[in-house]
Amino acid sequence: MAKTRPGKRDLDSYTIKGTNKVVKAGDCVLMRPSDTDKAPYVAKVEKIEADNRNNVKVKVRWYYRPEESIGGRRQFHGAKELFLSDHFDVQSAHTIEGKCTVHSFKNYTKLENVGTEDYFCRFEYKASTGGFTPDRVAVYCKCEMPYNPDDLMVQCEGCKDWFHPSCMGMTIEQAKKLERFLCADCSSEDEVKRSPNKFPVSPSAETKVRILIPDLFLFCLSDTY
């Protein structure tokens, strides 16, 4: 924990002005932007302190939205996706508007209902370079895109990969009515299995990954998509 500066004292908590919501170190909060037309900023509270005049400040670690990153928003980014940055700052506690929850990617995908204060984070982000940690992520479907939790996907019973209905020539309504789904490759293999004179080769189980280093990723996007 950072040392408290002379004339400052650490606080265990802070009650958001006009509410009964209590903020503590480690909580995620919504902070009022200077431009009222923008969405609230999201930050993780690292430390709360007050001076001799009882002015309360919070040291925060900012979350970035995809559109605020060097690479910008991509097709696979979810509407509630955030990147935990290495950008720290000290702000007046009065700019805190409310509390929110930033879930792990895995926990977010298990939510039955996503509220307005629910977000998720699967990457840490280095603001100065645009680098991500981890710098690799699994991709799915024949379009080889990372998973966007906002998009409906269907799983092939053969290879167990996940596919976007649109990439398979289906509408979302048609996909929801499916009782069984085989991708084009597995459908072909299924036909081969029915023939006693042919022996299919098992699909590769190798995990596909896409590097997210911005320059290379942008090159992949322009080259592939």
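It should be emphasised that the depicted structure is a prediction, and the values quoted were computed from it without experimental measurement. (Residues numbered from 1 in each chain as written. Predicted model: local features only at pLDDT ≥ 70, side-chain atom pairs only at ≥ 80, totals over all residues. Heavy atoms only, no water.)

Let's shift gears to the side chain of histidine 77. Structurally, histidine 77 can be placed in the loop between strand 6 (56-64) and strand 7 (81-92). Exposure remark for histidine 77: the relative accessible area of 8% places this residue in the buried category. In this structure the side chain of histidine 77 is engaged in a polar contact, spanning 2.8 Å, whose partner is the backbone nitrogen of arginine 74. Once residues within four sequence positions are removed from consideration, histidine 77 is found in contact with Pro66, Gly72, Phe83, Arg122 and Asn148. (Helix = DSSP H or I, 4+ residues; strand = E, 2+ residues; numbered from the N terminus. Buried < 20%, exposed > 50% of the residue type's maximum accessible area, 1.4 Å probe, protein only. Polar contact = N/O pair within 3.5 Å; in protein donor to acceptor, adjacent residues only side chain to side chain. Contact = heavy atoms within 4.5 Å.)

Another point: the environment of tyrosine 64. Considering the arrangement of structural elements, one finds tyrosine 64 in strand 6. On the accessibility criterion, tyrosine 64 (15% relative accessible area) is buried. In contact with tyrosine 64, not counting residues within four places along its chain, are Leu82, Phe83, Ser85, His87, Tyr125 and Ala127. Of the polar contacts made by the side chain of tyrosine 64, one reaches the side chain of histidine 87; its length is 2.9 Å.

This part covers the nonpolar core. Among the nonpolar cores identified, the biggest contains 21 residues, and Val29, Met31, Val58 and Ile96 are the most heavily contacted of them. Counting only elements with at least two residues in this core, the list comes to strand 4 (28-31), strand 5 (41-51), strand 6 and strand 9 (118-126). Per element, the largest residue contribution to this core is five residues, and it comes from strand 6. With residues near it in sequence (within four places) discarded, valine 29 still touches Val23, Tyr41, Val42, Ala43, Val45, Ile96, Gly98, Lys99 and Cys100. Among the nonpolar cores identified, the runner-up in size contains 14 residues, and Cys143, Val154, Ala175 and Cys183 belong to it. (Core = buried A, V, L, I, M, F, W, Y, C linked by side-chain atoms within 4.5 Å.)

As a further point, take the confidence of the model for the protein. Where the model shows low pLDDT, its predicted coordinates should not be examined in detail. For the protein, the mean per-residue pLDDT works out to 84, and 81% of the residues sit at or above 70. Low pLDDT, under 50, characterises residues 195-225; the stretch is placed with 46 contacts to residues that sit more than four places away or in other chains. (pLDDT = per-residue confidence, 0-100.)

So, on to the environment of lysine 8. Summarising the element assignment, lysine 8 is placed in strand 1 (residues 8-10). With 43 residues separating them along the chain, lysine 8 and aspartate 51 place their C-alpha atoms 4.5 Å apart. If we skip the residues at most four places from it in the chain, lysine 8 touches Glu49, Ala50 and Asp51.

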